[in-house]
Amino acid sequence: MFPVNTWYVACSAGELGDAPLGRTICNRPMVFYRAQAGRVAALEDFCPHRGAPLSLGRVCEGKLVCGYHGLEMGCDGRTVAMPGQRVGGFPAIRSYPAEERYGFVWVWPGDPARADAALIPHMEWHNHPDWAYGGGLYHVKADYRLMIDNLMDLTHETYVHATSIGQKEIDETPCVTTTDGDEVVTSRFMQNISAPPFWRAALRARGLADDVPVDRWQICRFTPPSHVIIEVGVAHAGHGGYDAPAEHKVYSKVIDFITPETDRSMHYFWGMARKFNPQDEALTAQIREGQGRIFAEDLEMLERQQKNLDTHPERRLLALNIDAGGTRSRSVIRRLIAAETAAATEAAPPPA
Amino acid sequence: MFPVNTWYVACSAGELGDAPLGRTICNRPMVFYRAQAGRVAALEDFCPHRGAPLSLGRVCEGKLVCGYHGLEMGCDGRTVAMPGQRVGGFPAIRSYPAEERYGFVWVWPGDPARADAALIPHMEWHNHPDWAYGGGLYHVKADYRLMIDNLMDLTHETYVHATSIGQKEIDETPCVTTTDGDEVVTSRFMQNISAPPFWRAALRARGLADDVPVDRWQICRFTPPSHVIIEVGVAHAGHGGYDAPAEHKVYSKVIDFITPETDRSMHYFWGMARKFNPQDEALTAQIREGQGRIFAEDLEMLERQQKNLDTHPERRLLALNIDAGGTRSRSVIRRLIAAETAAATEAAPPPA
Amino acid sequence: MFPVNTWYVACSAGELGDAPLGRTICNRPMVFYRAQAGRVAALEDFCPHRGAPLSLGRVCEGKLVCGYHGLEMGCDGRTVAMPGQRVGGFPAIRSYPAEERYGFVWVWPGDPARADAALIPHMEWHNHPDWAYGGGLYHVKADYRLMIDNLMDLTHETYVHATSIGQKEIDETPCVTTTDGDEVVTSRFMQNISAPPFWRAALRARGLADDVPVDRWQICRFTPPSHVIIEVGVAHAGHGGYDAPAEHKVYSKVIDFITPETDRSMHYFWGMARKFNPQDEALTAQIREGQGRIFAEDLEMLERQQKNLDTHPERRLLALNIDAGGTRSRSVIRRLIAAETAAATEAAPPPA
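Calculation criteria
Residues numbered from 1 in each chain as written. Chains lettered and ligands numbered in written order. Predicted model: local features only at pLDDT ≥ 70, side-chain atom pairs only at ≥ 80, totals over all residues. Contact = placed C-beta atoms within 7 Å. Helix = DSSP H or I, 4+ residues; strand = E, 2+ residues; numbered from the N terminus. Least-squares fit on C-alpha atoms with pLDDT ≥ 70 in both. Domains from an automatic or database assignment. Nonpolar A, V, L, I, M, F, W, Y, C, P; charged D, E, K, R; others polar. Pairing = 2+ DSSP bridges. Axes fitted to C-alpha atoms, helices over the stretch in contact; angles between N-to-C directions. Parallel < 35°, antiparallel > 145°, perpendicular 65-115°, else oblique. Left-handed = near helix turned anticlockwise from the far one by under 90°. Core = buried A, V, L, I, M, F, W, Y, C linked by C-beta atoms within 7 Å. Buried ≥ 20, exposed ≤ 12 C-beta atoms within 10 Å, placed from the backbone.

On the side of chain C, 17 residues touch chain B, which itself brings 21 residues to the contact. Looking at the side of chain B that touches chain C, the elements with two or more residues in it are α2 (157-160), α3 (168-172) and α5 (281-311) of chain B. Counting residues per element, the side of chain B that touches chain C draws most heavily on α5(B), which supplies 7 residues.

In structure tokens, the structure reads:
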């Protein structure tokens, strides 16, 4: 259902305070915490003593202490100490490579030997003076690929988000989908249109007129395993659209990290990195609130869609031109899963 | 578990406004809406594009528009249009015969070719100046046949509804059960008794003394697939009971349309059509409120009974004289299901 | 999973008022009520008429009356009467031996012929002028044996109950575990320590200084099937500890009756019988409130532990010295279940 030899976002850095955090990633119950010097660590959420969830414990001088009987666990999955016990023979639990980067904790659920922090995709907007970021987290009871489909076909904005970012021109303007290796891009450029309410508010915040024709763009970029980053914005018409100088446009990236929880549920990290008025914290809060409200409109649709698909597993869905982004992203995912399966088969001892 | 080549009540006409309504009938998820000229339509609740539930969409000039990507569905289950798409090859979804009649929407879950609106049972009280109607809907997590049993054996009123319509004379007065084709009737006539609180209130509303002996009747009539209509009322004793002139009695019909949702749950449409004070809308509201409260007393009993039966599927229940109404109604249902099964087998191609 | 030819606590005497009480014990749905002269009775919660739960009925002159159609059930599981019916041929339902003793209703879920009230363990503190008792009931979604483990290894107090009864000396002081037939005892004696908050409050209530060194003891006693009674208390240091005269100590018994509901859930009856200030009812209420709050801290831990164990049924947990009490108690339980299984096999007819 998902590749595992890859980095997923497990939580935002802000979620991980002094207390450990329990979260299931790719069907693996994990506990996340800050070990020595604040470095993030991820382990199986299972105390080797009696099976208690370590996430109900606490962190003490960089060691995770089980909240049931005080076993102290090291970030390598080996027991460090336990009151009154010799712990040398205690079975180890799994530890997962984890890295804090770009305001998130990333975890590698698969083979630790293959984990390479350099594979975490670069987020140029993080801690950059030209950019501001705000976002949130939704739990959605649906296959994570339904969210990829959703984000790689923005015609749904016209219907699901009719009062904020939707407009009929999205439907009327064909999209172009291209694939480059594991990256899939779906683009749509609309010219000389009215800005919808969300973008009118952004123009006003930027000090630009909101009642003149604009060019609008949506460039959805899927990268494995399940990130969708969307360049969005509007420019006053006649200044070059996407390529217009900064003073004529509002430009943002919608950031979507979609992490499978189980085969039928996901953690959906959504946010917006904007490249205008970066110091305006009130605007950041206002955009986050608005985006959160808009993105919540998708949740019932996806969860009910999942139920429908579970009821009719035999039905083949349509793959129209607008679906090309999702369809090709799923192809990439299938190829990665197949490669992992093949590697696992090769690695196994040959039959006698 | 239920016949499908028959009409069931899907919703009240009032439930179906401008927005589509999703409801599962006989294990089939359906969407109901008002198509051209307000005519009701019923379809599978499944968009052929990506499986979204059509009931989350909206109705636009008589077409059902999917709320996810704007596919326009016709009431025959064929796609009419979709922005930017040629829809000729889109797979059709099932459409179900649906009719609005007597203040309800009726649906035929089985073979559309056999649907005949003339088979919808006539409700003489609907829009008739002598009658007033009020009712409601309960969702009950139990096999719909447990509700038929309930309504065809009113001795339960003595115990479940002790403070409103129950009285010991129900238990003490034998019932008579007759069958005529697919119709089952259980009757009970009680003479020279005190009226219980519900009927005392009805007598007062009618301007009749409530503290004199009355005759009371209960004539429960089952018709397929799962309608139970009960003639009920009281007359001042000595005037002919059930046959007494209108000025000496209060006379109503309890209307029960019981629609299977799944094998273990039902939509229960209950109401009362009364043949006295028909213009008194306050009385209609008051009776509906009272009936709703009384009928709610059955729900926990049926749901817990269902759980008990699921725990002991091997146990045979007793079929006493008081159970004859339910037992015979179940026989009719079994016969109808068997006939449908036989017809389906005949229709299938013979084995090679 | 549990022996059945034994007495379990089904409810407190106070829970069983005029109305019947439905409760599942050892996977058997039961109804408890007060029959003739207030004597407790336990039956299957299943009316032989139509399978309604008898616990929704009422008690009338010592007979349990079904709340659906008025069947009157005797405490032997045979129908006594039903309005308008001859009940001689009605099938009987199971009746379970039940006894009221020590403020609780005890039930024997297994073979009634083997039930002997003399096997109910004696509670010397009940209705005794030197003792006071207060307690409550928690429903816990975990195997009942996880609660036995919990109570037979009190090192968890240091972590789960850190702010009330936990202290590091529990961890630092080895326990001694002994077995005598079916009884398992784990003891720990701590000397010259500070009393933790719960015991400081108890000392003050007794009029004793709470800021002087104390000796503290914990003697956990498991008896089948699943009772854990723990002698607890503190004495001013230098007066003999556990054996100190009453004027120098506060002494209680923690009472734990753990009754399996299903394979994965339990009714947990907890309480404290104290042998000081027995007339002080305000103190009884205060201790019950405090104990209830403290014992509630275990619930999430056990329920999450159960989920973890269900996820990894193949894993063997550690059995350390601190786990000896639970491990040996489980051995006793296994032996009792094996004996019941063997007896059942012997009783069965030999294969032909």
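Overlaying chain B with chain C gives an RMSD of 0.1 Å, the required rotation being 120° about an axis along which the chain moves by 0.0 Å. Considering both components of the superposition, the chain copies are consistent with a three-fold axis. Taking the C-alpha atom as reference, chain B places B:K141 closest to the rotation axis, 14 Å from it.

A few words now on the domain arrangement of chain A. All names here are of chain A. Along its sequence, chain A is carved into domain 1 (8-119) and domain 2 (132-337). Averaged C-alpha coordinates put domain 1 and domain 2 at centres separated by 33 Å. At the junction of the two partners, domain 1 supplies 9 residues and domain 2 supplies 9 residues. Contributions of two or more residues to the side of domain 1 that touches domain 2 are made by β1 (8-12) and β2 (21-25). When residues in the side of domain 1 that touches domain 2 are grouped by element, the largest group, 4 residues, is from β1. When its residues are assigned to classes, the side of domain 1 that touches domain 2 shows 5 nonpolar, 4 polar and no charged.

Remark on secondary structure: sheet strands pair via backbone hydrogen bonds, oriented parallel or antiparallel. Residues and elements named next belong to chain B. The 3 strands are arranged β1-β11-β10 in an open sheet whose pairing can be described as antiparallel. Looking along the sheet, the strands with just one partner apiece sit at the ends: β1 (8-12) and β10 (98-101). Pairwise comparison of adjacent strand axes, ignoring direction, gives a mean angle of 30° for this sheet. Two strands pair when backbone bridges link them, and β1 and strand β11 (residues 104-107) are joined in this way by 4 bridges, in the antiparallel orientation. From the neighbouring strand, C11 faces β11, where its bridge partner is V105.

Further remarks concern the packing of helix α1 (residues 144-152) of chain C against helix α5 (residues 281-311) of chain C. All names here are of chain C. At a closest axis distance of 10 Å, the pairing of α1 and α5 adopts a crossing angle of 130°. When the axes of α1 and α5 are compared, the pair comes out oblique. In the crossing of α1 with α5, the sense of the turn from one axis to the other is right-handed. On α5, the residues touching L146, M147 and N150 of α1 are D298, L302, Q305 and Q306. Of the residues belonging to the contact of α1 with α5, the class tally is 3 nonpolar, 3 polar and 1 charged.

In this section: the interface of chain B and chain A. Across the contact, 17 residues belong to chain B and 20 residues belong to chain A. Residues belonging to the side of chain B that touches chain A are distributed by class as follows: 9 nonpolar, 7 polar and 1 charged.

This paragraph deals with the pairing of β2(A). Residue and element names in this part refer to chain A. Direction of pairing for β2 relative to strand β3 (residues 28-34): antiparallel, over a ladder of 5 bridges. When the sheet's bridge partners are listed, G22 is paired in β3 with V31. From the end of β2 to the start of β3, which pair antiparallel, there are 2 residues, and C26 there has a positive phi angle of about 50°.

Core analysis: the largest hydrophobic core is formed by 237 residues, its most contacted members being A:F32, A:V107, B:F32, B:V107, C:F32 and C:V107. Other than its neighbours up to four places away in sequence, A:F32 contacts A:A10, A:C11, A:L16, A:P20, A:L21, A:R23, A:V40, A:A42, A:A98 and A:V105.

Residue and element names in this part refer to chain C. Taken in spatial order, the 4 strands make up an open sheet running β5-β6-β7-β8, and their pairing is antiparallel. For this open sheet the edge positions go to β5 (58-60) and β8 (79-81), each flanked by a neighbour on one side alone. Strand direction decides the pairing type here: strand β6 (residues 63-65) and strand β7 (residues 72-73), joined by 2 bridges, are antiparallel. Bridge assignment links V65 to a residue of β7, and that residue is E72.

In this model, A:P224 is joined to A:P225 through a cis peptide bond whose omega is 0°. Within the fold, A:P225 resides in the loop between β15 (214-223) and β16 (227-236). Even without being a glycine, C:N27 presents a positive backbone phi close to 70°. As for its position among the elements, C:N27 is in the loop between β2 (21-25) and β3 (28-34). Positive phi, close to 60°, is recorded for C:Y102, a residue that is not glycine.

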